[in-house]
Amino acid sequence: MASLIQARDLTKLYRMGDETVHALAGVNFDIARGEYCAIVGPSGSGKSTLMNIIGGLDTPTSGRIVIAGNDIGAMADDDLAVFRNQTIGFVFQSFNLLPRMTALENVELPMIYGGIAPKERRERAAALLERVGLGARMTHRPTQLSGGQQQRVAIARALAGNPALILADEPTGALDTNTGKEILALFGRLNREGATVVLVTHDHEVAAATKRTIEMRDGHIVSDRINGGTPRHDAHL
Ligand SMILES: Nc1ncnc2c1ncn2[C@@H]1O[C@H](COP(=O)(O)OP(=O)(O)O)[C@@H](O)[C@H]1O
Ligand SMILES: [Mg+2]
């Protein structure tokens, strides 16, 4: 079966005056449907750049990224926006909720862009908030919620399009250890329920809760292993 994610020779260069930063310096990997994968590495190693490219939020300087058989670098902006809405759920370290909207309204937002009728989207948003354990907080605004609760709203929002792929960039980075564990347990459950989950972390305990760890350094993959098992393959630099 074709991989859900195929990354081929991805590079990303940033020119800063006379200097060129190789944020990604030739990255190759495949992620199959149903995987639960962590991307680890020191700050500046290219993790967020990679996640943004996988999620279609940014484009590579060269190389190809294919998601569910779609070469997203070759898609027109409008098509990409629709594809993203239907296929990918993004979760960020800082939650990125709209502060003036309730939890319910935040979760409804991608469904408004998705053209779903008001009654249906309200019902679906409520069901998603129930699913992440926030059924009793639907009309709260972000400032009236704890960090962990805000991240649950953000996860419910990411699930609004029933995405095949959930991408999370440091989703526990702004949370205390116990709350982080609860959020991690939620990702584990979503993965068992069928979602492919890729998360960035620099916490090795968080990575160990996933099934596969891809380690980056200076824009390269330096190791790729099944957690608790043997390496998948040696680093190709
Ligand atoms: N918009 C940008 N302009 C210039 N350099 C950038 C930009 N975004 C990221 N970088 C650089 O690319 C490298 C990788 O960054 P990033 O992907 O954010 O790393 P990580 O998420 O692993 O901390 C870093 O050296 C960073 O400074
Ligand atoms: Mg980052």
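Everything below is about the structure printed above this text.
Residues numbered from 1 in each chain as written. Chains lettered and ligands numbered in written order. Predicted model: local features only at pLDDT ≥ 70, side-chain atom pairs only at ≥ 80, totals over all residues.

Undergrad: I'd like a rundown of the pairing of strand β7 (residues 165-169), residues and numbers included.
TA: Each regular strand carries side chains that alternate between the two faces of the sheet. Most of β7 is tucked away: five of the five residues are buried. Residues Leu165, Leu167 and Asp169 line one face of β7 and the alternating positions Ile166 and Ala168 line the opposite face, and both faces are buried. Where strand β6 (residues 88-92) meets β7, five bridges bridge the pair, whose relative direction is parallel. Note on β7: the bridge partner recorded for Ile88 is Leu165. (Buried ≥ 20, exposed ≤ 12 C-beta atoms within 10 Å, placed from the backbone. Helix = DSSP H or I, 4+ residues; strand = E, 2+ residues; numbered from the N terminus. Pairing = 2+ DSSP bridges.)

Undergrad: Account for the site of ligand 1, naming residues and giving values.
TA: Near ligand 1, the surroundings consist of Tyr14, Met16, Val21, Ala23, Gly41, Ser43, Gly44, Ser45, Gly46, Lys47, Ser48 and Thr49. Elements supplying a minimum of two residues to the shell around ligand 1: β1 (5-16), β2 (19-31) and α1 (47-54). For the shell around ligand 1, the leading source of residues is α1, giving three residues. (Near = placed C-beta within 6 Å.)

Undergrad: Describe in detail the packing of helix α3 (residues 103-113) against helix α5 (residues 147-158), supporting the description with residues and values.
TA: Across the interface, α3 lies against α5 with an axial gap of 8 Å and an inter-helix angle of 30 degrees. The pairing of α3 with α5 is recorded here as roughly parallel in orientation. Once α3 is placed against α5, the crossing between them reads as right-handed. Where α3 approaches α5, its residues Ala103, Asn106, Val107, Leu109 and Pro110 are matched on the opposing element by Val153, Ala156 and Arg157. Of the residues in the contact of α3 with α5, the class split is six nonpolar, one polar and one charged. (Axes fitted to C-alpha atoms, helices over the stretch in contact; angles between N-to-C directions. Parallel < 35°, antiparallel > 145°, perpendicular 65-115°, else oblique. Left-handed = near helix turned anticlockwise from the far one by under 90°. Contact = placed C-beta atoms within 7 Å. Nonpolar A, V, L, I, M, F, W, Y, C, P; charged D, E, K, R; others polar.)

Undergrad: Give a description of the pairing of strand β9 (residues 212-217) that names residues and reports values.
TA: Alternating residues of β9 divide into Arg212, Ile214 and Met216, all buried, and Thr213, Glu215 and Arg217, none buried. By the bridge criterion, four bridges tie strand β3 (residues 36-40) to β9 in an arrangement that is parallel. Paired with Cys37 across the strands is Arg212, a residue of β9. Where β9 lies against strand β10 (residues 220-226), six bridges are found, and the strand directions are antiparallel. Counterpart to Met216 in the pairing with β10 is Ile221. Linking β9 back to β10 in an antiparallel pair, the connection comprises two residues, with Asp218 at a positive phi of about 45 degrees.

Undergrad: Kindly report on the packing of α5 against helix α6 (residues 177-192), identifying the contributing residues and their values.
TA: Running from N to C, α5 and α6 cross one another at 20 degrees; their axes reach a closest spacing of 9 Å. With respect to their mutual orientation, α5 and α6 come out roughly parallel. As α5 runs across α6, the sense of the crossing is right-handed. Contact with α5, carried on its side by Gly147, Gly148, Gln151 and Ile155, involves Thr179, Glu182, Ile183 and Leu186 of α6 and no other residues of that element. For the contact of α5 with α6, a count of residues per class yields three nonpolar, four polar and one charged.

Undergrad: Give a description of the nonpolar core that names residues and reports values.
TA: Among the nonpolar cores identified, the biggest contains 60 residues, and Val107, Leu129, Ala156, Ile166 and Leu167 are the most heavily contacted of them. When near neighbours in sequence (up to four residues on either side) are disregarded, Leu129 contacts Ala103, Leu104, Val107, Leu134, Gly135, Met138 and Ala156. (Core = buried A, V, L, I, M, F, W, Y, C linked by C-beta atoms within 7 Å.)

Undergrad: With reference to specific residues and values, describe the sheet that holds strand β5 (residues 70-71).
TA: The antiparallel open sheet is built from four strands, whose spatial order is β2-β1-β4-β5. In the strand order of this sheet, the two ends are held by β2 and β5, each with one partner.

Undergrad: Break down helix α4 (residues 118-131) for me, with residues and values.
TA: For α4, spanning 14 residues, the distance from its first C-alpha to its last is 20 Å, which sits close to the expected 20 Å at 1.5 Å a residue. Along α4, the residues that are buried comprise Arg121, Ala125, Leu128 and Leu129. End-on view of α4: buried residues confined to an arc of 100 degrees, all on one side of the axis. Opposite the buried face of α4, by more than 90 degrees, sit the exposed residues Lys119, Glu120 and Glu123. Contacts from the buried residues of α4 go to α3 and α5. (Expected span 1.5 Å × (residues − 1). Arc of directions from axis to C-beta.)

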